[in-house]
Amino acid sequence: MARSVLYQQVAAELRRAIYSGVLGPGAQLPTEAQLMEDHGVSRNTVRLALGELVNEGLVTRTPRRGTVVRDRRPLLIYPQRELEPPPSGELREAFAYAVAQEGRAPSQYIEVLTVSPVEEIASRLELADGELAVVRRRLRFVDGQPYNTNDSYFPRDLVADSEIARPGDIARGANRVLEELGHAQVRVVDDIWARMPNQEEAERLQLELGTPVMVYVRVGFDAADMPVRVAVSVLPADKHLIRYELDGR
């Protein structure tokens, strides 16, 4: 049997064990020697099979423990809920609330800058030449692990004197601040696509080799149909599940 078919067969059997739960998160895979014996294949064939699983983000290799199954518990995101009124008395911003609802611990690192945005952002915000934007760059963590990045851009003239333009967390969320400024978002447009991460994203998010990301861009419009926010999220594909609920009733 061709070597390429052999390594794919070994990878397929290990993949089935992972997806079925036989090998759960944190479980150690058999050693290379054991896999060679179990499948009657060469060491190189085993390494090719394991390399395929690493590239798919299913396993990771550690110096001391060998090859282990990654914890792939995804964060469930409901984009349609972002603009819904929060529960009575709840002032947490949307991400923190969603993570806490799953019984997990949210945290984030925030950097606030005034920038001349790139053309894609400027055009989505309908900024004139030379107009500036305030960007709140966030690296978000779940249970202490980097989970995604979120860069939210706002027209500087709109938010310059608000909390949005100042460093630090906004406990009630920037959406609530926009509402207080008279620019509540009443309509949003989402674009979502997948690609491989660039080097900066891979480093910030501590991505395993071969892990793709989803780019999720949301543009929020106020009642006058003026764009007031462009949020660009980079979501590792193995850590997120985006769920839309549409009801035609």
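The structure under discussion appears in the preceding block.
Residues numbered from 1 in each chain as written. Predicted model: local features only at pLDDT ≥ 70, side-chain atom pairs only at ≥ 80, totals over all residues. Heavy atoms only, no water.

## Looking at the overall build of the protein
Thought 1: In terms of regular secondary structure, the protein is built from 8 helices and 10 strands.
Thought 2: Over its C-alpha atoms, taken along the principal directions, the protein stretches across nearly 70 × 40 × 40 Å.
Thought 3: Expressed as a percentage of the 249 residues in the protein, the buried residues total 40%.
Thought 4: At a minimum sequence separation of 6, the contacts of the protein that also span at least 24 residues come to 63%. (Helix = DSSP H or I, 4+ residues; strand = E, 2+ residues; numbered from the N terminus. Buried < 20%, exposed > 50% of the residue type's maximum accessible area, 1.4 Å probe, protein only. Contact = heavy atoms within 4.5 Å.)

## Things to note about unusual backbone geometry
Thought 1: Even without being glycine, E126 reaches a positive phi, approximately 55°.
Thought 2: Examined against the element boundaries, E126 turns out to sit in the loop between helix 5 (119-124) and strand 5 (133-142).
Thought 3: Overall, the relative accessible area of 57% leaves E126 in the exposed class.
Thought 4: Within the chain, D143 stands out as a residue other than glycine whose phi angle is a positive 55°.
Thought 5: Within the secondary structure layout, D143 lies in the loop between strand 5 and strand 6 (145-155).
Thought 6: With a relative accessible area of 41%, D143 lands in the partly exposed category.

## Some points on the layout of surface pockets
Thought 1: Within this model, the second largest pocket holds a volume of roughly 330 Å³.
Thought 2: Taken together, 17 residues line the second largest pocket, and the ones lying closest to its centre are D151, R195, E201, V232 and V234.
Thought 3: Put simply, the parts of the chain that give the lining of the second largest pocket at least two residues each are helix 5, strand 6, strand 7 (187-195), helix 8 (199-204), strand 8 (213-221) and strand 9 (227-236).
Thought 4: Looking at the lining of the second largest pocket, its residues break down into 8 nonpolar, 2 polar and 7 charged. (1 Å grid on protein atoms, 1.4 Å probe; cavity = no way out; pocket = protein on both sides within 12 Å on 5 of 7 lines; lining within 4 Å. Points joined across faces, edges and corners; volume = space filled by probe spheres on them. Nonpolar A, V, L, I, M, F, W, Y, C, P; charged D, E, K, R; others polar.)

## Thoughts on the pattern of salt bridges
Thought 1: Under the defined criterion, the tally for this structure stands at 16 salt bridges.
Thought 2: One salt bridge connects E102 with R104, and the closest N-O pair in it is separated by 3.6 Å.
Thought 3: Looking at E102, the relative accessible area reads 25%, which means it is partly exposed.
Thought 4: In this structure, the salt-bridge partner of D143 is R104, at a minimum N-O distance of 3.4 Å. Taken together, the residues D143 in the loop between strand 5 and strand 6 and R104 in the loop between helix 4 (94-101) and strand 4 (106-115) connect sequence positions 39 residues apart.
Thought 5: For R104, a relative accessible area of 8% puts it in the buried group.
Thought 6: One salt-bridge network, in which partners are shared between bridges, spans E111, R137, D151 and E200. (Salt bridge = Lys/Arg side-chain N within 4 Å of Asp/Glu carboxyl O.)

## Regarding the packing of aromatic side chains
Thought 1: For the coordinates displayed, the defined rule picks out 0 aromatic pairs.
Thought 2: Stacked on the ring of Y78, the Lys or Arg R81 has its end atom at 3.6 Å from the ring centre.
Thought 3: Against the face of F221 rests R187, its NZ or CZ located 4.1 Å from the ring centre. (Phe/Tyr/Trp six-rings, centres within 6.5 Å; stacked < 30°, edge-to-face > 60°. Lys NZ or Arg CZ within 6 Å of the ring centre and 35° of its normal.)

## A short note on empty space enclosed by the protein
Thought 1: Scanning all chains against the criterion turns up 1 cavity of 30 Å³ or more.
Thought 2: Volume-wise, the largest cavity comes out at about 50 Å³.
Thought 3: Every residue lining the largest cavity is listed: E93, I110, R136, R138, D169, I170, G173 and A174.
Thought 4: Residues of the lining of the largest cavity, tallied by class, amount to 3 nonpolar, 1 polar and 4 charged.

## What to know about the side chain of S233
Thought 1: For S233, the position within the fold is in strand 9.
Thought 2: Looking at S233, its side chain comes within polar contact range of the side chain of N150, at 2.9 Å.
Thought 3: In this structure S233 touches T149, N150, M214, V215 and Y216, once residues within four positions along its chain are discounted. (Polar contact = N/O pair within 3.5 Å; in protein donor to acceptor, adjacent residues only side chain to side chain.)

## Quick word on the sheet that holds strand 9
Thought 1: The antiparallel open sheet is built from 6 strands, whose spatial order is 4-5-6-9-8-7. Every interior strand has two partners, whereas the edge strands, strand 4 and strand 7, have only one. This sheet shows a mean twist of 15° between the axes of neighbouring strands, independent of strand direction.
Thought 2: The sheet contact formed by strand 7 and strand 8 spans 9 bridges and is antiparallel. In the strand pairing of strand 8, W193 is matched with V215. (Pairing = 2+ DSSP bridges. Axes fitted to C-alpha atoms, helices over the stretch in contact; angles between N-to-C directions.)

Coordinates in, geometry out; function isn't part of it.
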